[in-house]
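# Reading the structure
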Amino acid sequence: ASHPLALPVGVTLDRYIMHRQTAFPYATGELSQLLRDIALAGKIIHREVNRAGLIDLTGGMGVQNVQGESQQKLDMIANIRFSRALKNGGEACAIISEEDEDIIFTGNNNGKYVVAIDPLDGSSNIDVNVSIGTIFSIYRRITPIGAEPSLADFLQGGRRQVAAGYILYGSSTIMVYTTGHSANGFTYDASLGEFILSHPDIHSPANGQIYSCNDGNLESYDEGIRDYLNDCRQKQYTARYIGSLVADFHRNLLKGGIYLYPPTKKSPDGKLRLLYEAFPLAFLAEKAGCLATSGHRAILDIKPTSLHQRTPLFIGAPLMVENLMGHLD
Ligand code: P6P
């Protein structure tokens, strides 16, 4: 039977959010509004991404972000737009972003929520017209309402997320998120300016034949990882690696597959960020029936200690992740 709260494909995101909120009699609407604010920022970035080639938004600005990576104009704009949308929305008291070293205090100290965000992941793909994505993670603050938010609000751990998801700016723009129950996908109809429910209650395949990793790093992978990848090749699986996490993740979520970013010589702790990449995707993945591990433990069980810490990430079809784990000592 379909989920009791299921709504028909075609309903708008706003209607869906309101309908879901009615399932929580004590809900006071802040999380609903926060999700709308994120969707609004996504609509704005959709417009910017689709104009990028026309108004010289591609190409580096010659400035470095906190990661020491050359900052593309569009990810700077995305960072500004999401921060502004969340500040103006009033529901988030603080934000952390891949693009900023320190916590961004919104000034809304009465806001109940904090948001961790990668405003535009895969930004090196912008100027070659490859899909890119926003990843977001929402926590209920643990500092008192009205007080100044703190680091502790962001270091609660992956299982304390109240919502998480992504917006993929690809051949179409789709927002996929969960508030802890089901995972749902909303495709953007720019002619209406609305996200429309297109992928209700996503259940990812238990197994798959697609593996995604940067083959160029093969020599620096742990032997167990190389054994697993050889196993995939023996079985003539399909290698698909876009170099844009959200795009690779989304394809694997729908079709069944595994994404691997193991430790490498260059990134001995893995490359991906725990708080605004691995945690939100792992939270969403588990709600869609997938698994996400660092190779040592479930991603969501990692105890976070700093805002920009990295982790190895293996995420996707449960049978593929379990098979991989069988190859690790
Ligand atoms: P590599 C993009 O920079 C990113 O963070 C992910 O979106 C992507 O999956 C990965 O890094 C690509 O990294 O080292 O394979 O180029």
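Residues numbered from 1 in each chain as written. Predicted model: local features only at pLDDT ≥ 70, side-chain atom pairs only at ≥ 80, totals over all residues. Heavy atoms only, no water.

- The chain is annotated in an unreviewed UniProt entry as Fructose-1,6-bisphosphatase class 1 of Spirosoma fluviale.
- Taken from UniProt, the Subcellular location (unreviewed entry) comment for the chain reads in full: "Cytoplasm".
- The Pathway (unreviewed entry) comment attached to the chain in UniProt states, word for word, "Carbohydrate biosynthesis; Calvin cycle." (UniProt positions renumbered as here; feature names shortened; annotations may be inferred.)

## Overview of the pattern of salt bridges
- Under the counting rule described, the total for this entry stands at eleven salt bridges.
- In this structure, Arg273 and Glu98 form a salt bridge, with 3.9 Å as the shortest nitrogen-oxygen distance. Here Arg273 is found in strand 14 (residues 272-273), whereas its partner Glu98 is found in the loop between strand 3 (92-97) and strand 4 (104-105), with 175 residues between them in sequence. As far as burial versus exposure is concerned, Arg273 and Glu98 are alike and both buried.
- Among the salt bridges present, the one from Arg251 reaches Asp248, with a minimum N-O distance of 3.1 Å. Here Asp248 and Arg251 lie together in helix 6 (residues 245-255), a separation of three residues that amounts to about one turn.
- When its relative accessible area of 0% is taken as the criterion, Asp248 is described as buried. (Salt bridge = Lys/Arg side-chain N within 4 Å of Asp/Glu carboxyl O. Helix = DSSP H or I, 4+ residues; strand = E, 2+ residues; numbered from the N terminus. Buried < 20%, exposed > 50% of the residue type's maximum accessible area, 1.4 Å probe, protein only.)

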